[in-house]
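Results of the structural survey
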Amino acid sequence: MPTLELEQLLMSGSVRQIYTGQKVFRQGQVAEEFFLLIDGRLKVTQTTAEGRHILVRVVHPGDLFGFAPALQRHDYPGTSVAAAKSLILCWPNAVWTSMIETNARLATNAMKAIGQRLQEAHARIREISTENVERRLAHAILRLAEQAGQEDGNGIRLDLILTRLDLAALTSTTQHSVSRLLSAWESQGIVESGRQKLRVLDKARLQALADGQSWDNSD
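Further remarks concern helix 6 (residues 175-187). In this model, helix 6 (13 residues) spans 18 Å end to end at C-alpha, consistent with the 18 Å of a helix rising 1.5 Å per residue. Along helix 6, the residues that are buried comprise S177, V178, L181, L182 and W185. Projection of helix 6 onto a plane perpendicular to its axis shows the buried side chains occupying an angular sector of 125 degrees, all on one side. Turned more than 90 degrees from where helix 6 packs its buried face, H176 and S187 sit exposed. In the core, the buried residues of helix 6 are packed alongside helix 4 (133-148), helix 5 (164-171), strand 11 (191-194), strand 12 (197-200) and helix 7 (203-210). Note on helix 6: the residue one or two positions beyond its end, G189, has a positive phi of about 75 degrees.

Below, the structure written as C-alpha cells:
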C-alpha cells in the first residue's frame, strides 16, 4: 500500500493489546468496530441454540476479522477470544464505507477474505456431510498447516494455541476421537503432537488420509 494511504488508514484506527483468554467481541454484540490482527492468534467460536460451542475459524496475523458491515450485519456472528497474547488494529465501523471507497486494494482484500472464508465453510460442510472423522481431521490439519505452518527442517510446525478439544470442535467430533487419531498418526510417524502443539512430519501421508486413500505402511 502506498505510504500516504497507509498513514491515513492507520490514523483513523487505534492499537489494542489483547491478553490470552480475553474476548475482542461476543456473539450477538452490536458491531461497532472491525479489526486487523497484527500479532498473536485468535479463535472465533459460535454457540448454537442448543448451547453447543463450535470453533468457526482461527484468526492469523494479517487477517481482517469482525468486519460485520461487509457481511451486511449489525452484530457479530461469533465470539472472538485471544488464544495467545495478541496485538490488533481497530477501526470504528463508521469509517468502513469511506475506507473501501478510497482504497481499492483494501476493498479487494476484504472481498478475497470473505470469499476464502465462504470457500472454507463450504469445504467443512461438505466434509462433515460426506467424510469420516479421520478424513475431516486430516483436512483440518492440512488447512492449518497451509495457513500458519512453518517449515523447520523436521516437518511443518503449527504454532497454534489449539487444544485437542478445539480440534474436535473444528471437525465436529469428540476430543476422544481426536486424541485417538493423533496417537495413531504419531505412532506411524505422520505427526508429532503434544500439549497445544503439533508438527506434520509426513504431509504426503496426511494428504493421502484426507483423500481417503490407503497407504502401505509395510516399509
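On we go from here.
The subject of this paragraph is the sheet that holds strand 12. Strand order in this open sheet of four strands is 9-10-12-11, and the pairing throughout is antiparallel. Sheet topology places strand 9 (149-151) and strand 11 at the edges, where each strand pairs with a single neighbour. With direction set aside, neighbouring strand axes in the sheet form an average angle of 20 degrees. Looking at chain direction, strand 11 and strand 12 are connected through four bridges and run antiparallel. The partner of E192 across the bridge, within strand 12, is R199.

Here we take up the pattern of salt bridges. As enumerated under the stated definition, the model contains eight salt bridges in all. D63 is paired through a salt bridge with R57; the nearest N and O atoms lie 3.4 Å apart. Ionic contacts of the salt-bridge type, sharing partners, join the residues D152, R157, E192 and R199 into one network.

Looking at the element boundaries, H53 is found in strand 5 (residues 53-59). The sequence separation of H53 and A169 amounts to 116 residues, and the corresponding C-alpha distance is 7.3 Å. Each residue touching H53, except ones within four places of it in the same chain, is listed here: Q46, T47 and A169.

Spatially, 2-7-4-5 is the arrangement adopted by the four strands of the open sheet, whose pairing is antiparallel. On the outer flanks of this sheet lie strand 2 (23-25) and strand 5, each paired with one strand and no other. Sheet twist, expressed as the average angle between the axes of neighbouring strands with direction ignored, equals 30 degrees.

Calculation notes
Residues numbered from 1 in each chain as written. Predicted model: local features only at pLDDT ≥ 70, side-chain atom pairs only at ≥ 80, totals over all residues. Heavy atoms only, no water. Helix = DSSP H or I, 4+ residues; strand = E, 2+ residues; numbered from the N terminus. Expected span 1.5 Å × (residues − 1). Buried < 20%, exposed > 50% of the residue type's maximum accessible area, 1.4 Å probe, protein only. Arc of directions from axis to C-beta. Contact = heavy atoms within 4.5 Å. Pairing = 2+ DSSP bridges. Axes fitted to C-alpha atoms, helices over the stretch in contact; angles between N-to-C directions. Salt bridge = Lys/Arg side-chain N within 4 Å of Asp/Glu carboxyl O.

Don't take any of this as a statement about function, it's just geometry.
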